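Letter by letter, the chains look like this.
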Amino acid sequence: MTDIVDAPAAVKPINHWIAGGRYAGESGRTGPVYNPATGEQSGAVDLASTEEVGRAVQAAKDAFPAWRALSLARRAELFFAIRELFHAKREEIARHLTAEHGKVLSDAMGEVTRGLEVIEFCCGIPHLLKGGMTEQASTGIDVYSIRQPLGVVAGITPFNFPAMVPMWMWAPALASGNTFVLKPSEKDPSASVFTAELLKQAGIPDGVFNVVHGDKVAVDALLDHPDVAAISFVGSTPIARYVYETATAKGKRCQALGGAKNHMIVLPDADIDMAADAAVSAAYGSAGERCMAVSLVVAVGEVADPLVAAIKERIPKVKVGDGMDASSEMGPLITREHRDKVASYIDAGATEGATVVTDGREGAPTDGFFLAPSLLDNVTPEMSTYTDEIFGPVLGVTRVATYDEAVQLVNENPYGNGTAIFTRDGGVARQFQFEVQAGMVGINVPVPVPVAYYSFGGWKASLFGDRHIYGPEGIDFYTRSKVVTARWPDPATSKVDLGFPQTR
Ligand code: NAD
């Protein structure tokens, strides 16, 4: 998506946001932005040069001293203002998402609401930054810990949540006193510029929040920049690994969240209709372009036949169409290339021996980048439809005989983002929670995205780094601790003492 584009007249330019205003790119490179529901190009986004990234980092660096010195009372007040404004503008934000990502408006509204929860959590920043205090640690000596911001921090985000994932980063980063440079996905960049406008309107000083659009050039410029103290990344596993290894080699703090292959286990005692409703919702919501989407159902024992039949029966009822149409339940995929790649897994499944129960190429709207829900049965672990993160509306069903086999599949998978179990047996569910190797676990909940006061993150190849994102771990990530040891002795008692300080 990094071609140089001669933008047609109707195509809107999408600029950077640096030091409190729009900044038209000077690199001479732009990337196309599409309306995925029609397939037409709607925008041309500036792709930043290394120098332009440097300008955004400098703006953030200049804004840092005053921003970090602002009282917590004032920062909390600003976060309440941000919350009110984003809440008032949530439909406008959602419309940006639907226009460029394609997800249906109700889903886009859900994305904004989940992002708002992170902003609401950050309204409590005075409480979240409280340190510890020990009086009389030694005679006349007090010890206390404080948390301080890192400086300029950067976020690099994926196409699938163009508003919420940036909120996971900038909200705790700003609330903790850092200044921020966002490099959003170049496929649906408008929501981030709108975010910048809203933050300015809410009273955030110029330079505290900046946006640079771009591709690998911009990402590498952030990774290389000596003034960027920390990088948060969310995207695919190969890029997450690259970003983590490069950032940490350069001495930066980094959290890099990667891809997923989320298994939903259905035990023989589960309610079939409830499990089928959950599988359809979690596999085809947002056209399967969610890192927490269910991409595999693991059917245990005799549950398989009725479960596959129940999922199959529900698929034709999913209304696929333009996300702006209020009756649509599932929109298009992000680009034509991605749609074609996802669709190719239906043939791959058939070639490798899976059963194609529903082929979503049939009956999908032909304009735009649509693929209707697709279902593959008898998927086995050596097939590409099992091993690959398809990231689209192609759900696989793998049949196993026992609970132990099902858990083994999850635990042997290289990804460990989310997983879910459907059962009516509390003891088995508890055993699952105890032994399953994934960062987010659902018990009769198919998409277990943690609420904002917990933290979000996977295990294994789904997250590089040691801090999950948002919630308490997000505040930890964007701050470092300092421990102060203080005494106020009577100068008359002062003497030279070369011994190692004792605490007794
Ligand atoms: P992506 O990895 O292609 O892109 C993510 C970001 O990296 C974008 O800003 C992009 O411009 C940049 N980028 C792309 N190629 C690059 C390169 N070669 N060098 C440097 N930077 C590069 O991901 P995507 O397609 O935008 O998003 C989908 C992926 O994100 C899926 O794998 C999905 O599972 C994952 N995801 C994970 C989570 C999570 O929380 N774990 C959440 C959302 C999405």
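In the neighbourhood of the ligand, 27 residues make up the surrounding shell, with Pro 158, Gly 235, Ser 236, Gly 259 and Cys 291 lying closest. Split by residue class, the shell around the ligand holds twelve nonpolar, ten polar and five charged. Viewed by domain, the shell around the ligand spans two of them, domain 1 (12–258 + 462–483) and domain 2 (262–443), each represented by three or more residues.

A few words now on helix 9 (residues 237–249). Helix length check: helix 9 (13 residues) gives 18 Å between terminal C-alpha atoms against 18 Å at 1.5 Å per residue, within 8%. If you check which residues of helix 9 are buried, you get Thr 237, Ala 240, Val 243, Tyr 244 and Ala 247. Here the buried residues of helix 9 occupy an arc of 125° about the axis, which is enough to place them on one side. Turned more than 90 degrees away from the buried face of helix 9, the exposed residues are Pro 238 and Ala 249. In the core, the buried residues of helix 9 are packed alongside strand 8 (152–156), helix 8 (216–224), strand 11 (228–234), strand 12 (253–257) and strand 22 (463–464). Two residues or fewer past helix 9, Gly 251 is found with a positive phi of approximately 80°.

Next up on the list: the sheet that holds strand 15 (residues 355–358). Within the open sheet, the seven strands sit side by side as 15-16-17-14-13-19-20. Their pairing is mixed. Only two strands of the sheet have a single neighbouring strand rather than two, namely strand 15 and strand 20 (440–443). Pairwise comparison of adjacent strand axes, ignoring direction, gives a mean angle of 20° for this sheet. Relative to strand 20, strand 19 (residues 418–422) runs parallel, the two being bridged by four bridges.

Here the focus is the sheet that holds strand 5 (residues 40–46). Spatially, 1-5-4 is the arrangement adopted by the three strands of the open sheet, whose pairing is mixed. Of all the strands in the sheet, just strand 1 (12–14) and strand 4 (30–35) have a single pairing partner and so form its edges. The average angle at which neighbouring strand axes cross in this sheet is 35°, direction not considered. As paired strands, strand 4 and strand 5 are joined by six bridges and run antiparallel to one another. The residue of strand 5 that forms the bridge with Pro 32 is Ala 44.

So, on to the environment of Met 167. Relative to the helices and strands, Met 167 resides in helix 6 (residues 164–175). Measuring from C-alpha to C-alpha, the distance between Met 167 and Ser 192 comes to 9.6 Å, with 25 residues separating the pair along the chain.

In terms of domain boundaries, the protein breaks down into domain 1 (12–258 + 462–483) and domain 2 (262–443). Look at where the C-alpha atoms of domain 1 and domain 2 centre, and you get two points 31 Å apart. Per-class residue counts for the side of domain 1 that touches domain 2 are seven nonpolar, eight polar and three charged.

Take helix 2 (residues 72–88) next. With 17 residues, helix 2 extends 24 Å from end C-alpha to end C-alpha; this agrees with the ideal 24 Å at 1.5 Å per step. Every buried residue of helix 2 is accounted for by Arg 75, Leu 78, Phe 79, Ile 82 and Phe 86. Projected down its long axis, helix 2 shows its buried positions confined to an angular sector of 105°, all on one face. In helix 2, the exposed residues that point more than 90 degrees away from the buried face are Ala 73, Arg 74, Glu 84 and Ala 88. The inward-facing, buried residues of helix 2 contact helix 3 (90–100), helix 4 (105–122), helix 5 (125–128), helix 6 and helix 7 (190–202).

Turning next to the pairing of strand 9 (residues 179–183). Strand 9 sits mainly inside the fold: five of its five residues count as buried. What you see with strand 9 is no split at all: Thr 179, Val 181 and Lys 183 on one side and Phe 180 and Leu 182 on the other are buried throughout. Bridge analysis of strand 8 against strand 9 gives five bridges, and the strand direction is parallel. Counted as the bridge partner of Ile 156 is Lys 183 from strand 9. The parallel pair strand 8 and strand 9 is bridged by helix 6, and the resulting crossover is right-handed. By the bridge criterion, three bridges tie strand 9 to strand 10 (residues 209–211) in an arrangement that is parallel.

Right, let's talk about the pairing of strand 7 (residues 141–149) for a bit. A regular strand carries its side chains on alternate faces of the sheet. Pairing of strand 6 (residues 133–138) with strand 7 involves three bridges; the strand directions are antiparallel. Looking at the pairing, Thr 134 lines up with Val 143 of strand 7. The loop that links strand 6 with its antiparallel partner strand 7 comprises two residues; one of these, Gly 140, has a positive phi angle of about 75°. As judged from the nine bridges shared by strand 7 and strand 23 (residues 479–487), these two strands associate in the antiparallel manner. Its bridge partner lying in strand 23, Arg 147 is registered against Ser 481.

In this section: unusual backbone geometry. A positive phi is found at Phe 391, a non-glycine position, where the angle reads about 60°. Within the element layout of this structure, Phe 391 appears in the loop between helix 13 (384–387) and strand 17 (394–400). The phi angle at Tyr 470 is positive, at roughly 50°, despite the residue not being glycine. With respect to the helices, strands and loops of the structure, Tyr 470 is situated in the loop between strand 22 and helix 16 (471–477). The exposure class assigned to Tyr 470 is buried, which follows from the 29 C-beta atoms found within 10 Å.

Conventions adopted
- Residues numbered from 1 in each chain as written.
- Predicted model: local features only at pLDDT ≥ 70, side-chain atom pairs only at ≥ 80, totals over all residues.
- Near = placed C-beta within 6 Å.
- Nonpolar A, V, L, I, M, F, W, Y, C, P; charged D, E, K, R; others polar.
- Domains from an automatic or database assignment.
- Helix = DSSP H or I, 4+ residues; strand = E, 2+ residues; numbered from the N terminus.
- Expected span 1.5 Å × (residues − 1).
- Buried ≥ 20, exposed ≤ 12 C-beta atoms within 10 Å, placed from the backbone.
- Arc of directions from axis to C-beta.
- Contact = placed C-beta atoms within 7 Å.
- Pairing = 2+ DSSP bridges.
- Axes fitted to C-alpha atoms, helices over the stretch in contact; angles between N-to-C directions.
- Right-handed = clockwise from strand over helix to strand, strands pointing away.

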